[in-house]
Amino acid sequence: MRILETEWLDSLPASDPRAEHARRDLRRVNTLMGNARHIAAALRPHWREGMRIADLGAGDGSLMRAVVRHLPGPIQAISVDKSNGIDVLDYLRRPEKLDAIVCNLFLHHLDADVLSDVLALAAERAPLFVACEPRRARIALQASRMLWVLGCNEVTRHDAVVSVRAGFTGNELSAAWPPGDWKLEERVAWPFTHLFVAHEG
C-alpha cells in the first residue's frame with residue numbers, strides 16, 4: 001500500500017542551501033537511474049520534429065533537456081511546475097492539444113483522488129503518456145537508505161525513502177488510467193524505477 005508523507009524538499013525555500021544541494025543530488029540520481037533514457041525510449045517510436053511535449057512537475061527542466069539528447073531531433077518542451085506558477089490540474093484543463101505528456105518522479109506525490117484526476121485529464125490532452133516513478137519495492141527502499149555513499153544530503157536521503165514508500169508497483173497506474181482505446185505498458189525499468197506508458201489506439 002502506498003504511504004504518502006511530506007518530502008522535505010517541497011517545504012524548503014528554493015534558495016535554501018540544503019534545497020540547492022538536494023536538487024543537485026536529484027540530477028545525479030536521475031542520471032544514475034537512467035530516467036531520461038527510459039522516457040526517451042518510450043517517446044522515440046512516436047517522435048516527430050517539433051512535437052509538443054508537456055513535462056509535469058518539470059522542476060528546473062533538466063530532465064527534458066536530457067531526454068532531448070536521446071531523441072532524433074528537436075521537440076517543443078512545455079515545463080509545467082509550481083515553481084513557474086503553473087498548477088498541473090489547471091494546465092491540464094486547458095483546451096490545447098499536446099502530442100505527449102511526460103513526468104518524472106511526480107505522480108508519487110499525489111493521493112489517489114488527485115492522481116485519478118491528473119491521469120483522466122492527461123488522457124484527454126495527449127495520445128501518449130510516459131511516467132518514470134519510484135518503484136515501491138524492498139530493494140529500492142534499501143538503496144534509498146544508501147544514498148549517503150553518493151554524497152547526498154539529509155534532505156535527499158529523507159525524501160528518497162519517502163518517495164519509495166509513495167511509489168508504485170505492479171499495475172497500479174494502469175488500474176488508475178481511464179478506460180478507452182489505450183495500449184498500456186507498466187514494468188520495472190530498473191531495480192528502482194517503475195515505468196508506465198499509455199498510448200492511444
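For the structure, see preceding data.
Residues numbered from 1 in each chain as written. Predicted model: local features only at pLDDT ≥ 70, side-chain atom pairs only at ≥ 80, totals over all residues. Heavy atoms only, no water.

Peer 1: Even after reading the chapter, I still don't get the environment of V67, so can you show me in this structure?
Peer 2: Summarising the element assignment, V67 is placed in helix α4 (residues 62-69). For the pair V67 and L43, spaced 24 residues apart in sequence, the C-alpha separation works out to 9.2 Å. Once residues within four sequence positions are removed from consideration, V67 is found in contact with A36, I39, A40 and L43. (Helix = DSSP H or I, 4+ residues; strand = E, 2+ residues; numbered from the N terminus. Contact = heavy atoms within 4.5 Å.)

Peer 1: How should the packing of helix α2 (residues 17-33) against helix α8 (residues 154-165) be read in this particular structure?
Peer 2: The relative placement of two packed helices is expressed as an angle between their axes plus a distance between the axes. Their axes nearest at 8 Å, the elements α2 and α8 cross at an angle of 60 degrees. Between α2 and α8, the crossing angle belongs to the class labelled oblique. Where α2 abuts α8, its residues R18, A22 and D25 lie against E154, V155 and T156. Per-class residue counts for the contact of α2 with α8 are 2 nonpolar, 1 polar and 3 charged. (Axes fitted to C-alpha atoms, helices over the stretch in contact; angles between N-to-C directions. Parallel < 35°, antiparallel > 145°, perpendicular 65-115°, else oblique. Nonpolar A, V, L, I, M, F, W, Y, C, P; charged D, E, K, R; others polar.)

Peer 1: Whenever I open this one, unusual backbone geometry confuses me. Can you help?
Peer 2: Peptide bonds are, in most cases, trans, and in most cases residues other than glycine have a negative phi. The backbone of L105 shows a phi angle near 55 degrees, a positive value even though the residue is not glycine. Structurally, L105 can be placed in the loop between β3 (100-104) and α6 (112-125). A residue is classified by how much of its surface remains accessible, and L105, at 21% relative accessible area, is partly exposed. (Buried < 20%, exposed > 50% of the residue type's maximum accessible area, 1.4 Å probe, protein only.)

Peer 1: Is there a simple way to explain α2 in this structure?
Peer 2: The periodicity of an α-helix, 3.6 residues per turn, causes residues three or four positions apart to be oriented the same way. Counted at 1.5 Å a residue, the expected span for α2 with its 17 residues is 24 Å, and the 24 Å between its end C-alpha atoms agrees. Elements in contact with the buried residues of α2: α1 (8-11), α3 (35-43), β3, α8, β5 (182-190) and β6 (193-200). For α2, the N-terminal cap is D16; the gap from its side-chain oxygen to the backbone nitrogen of R18 is 2.7 Å. G34 sits one or two positions beyond α2 and adopts a positive phi of about 70 degrees. (Expected span 1.5 Å × (residues − 1). Polar contact = N/O pair within 3.5 Å; in protein donor to acceptor, adjacent residues only side chain to side chain.)

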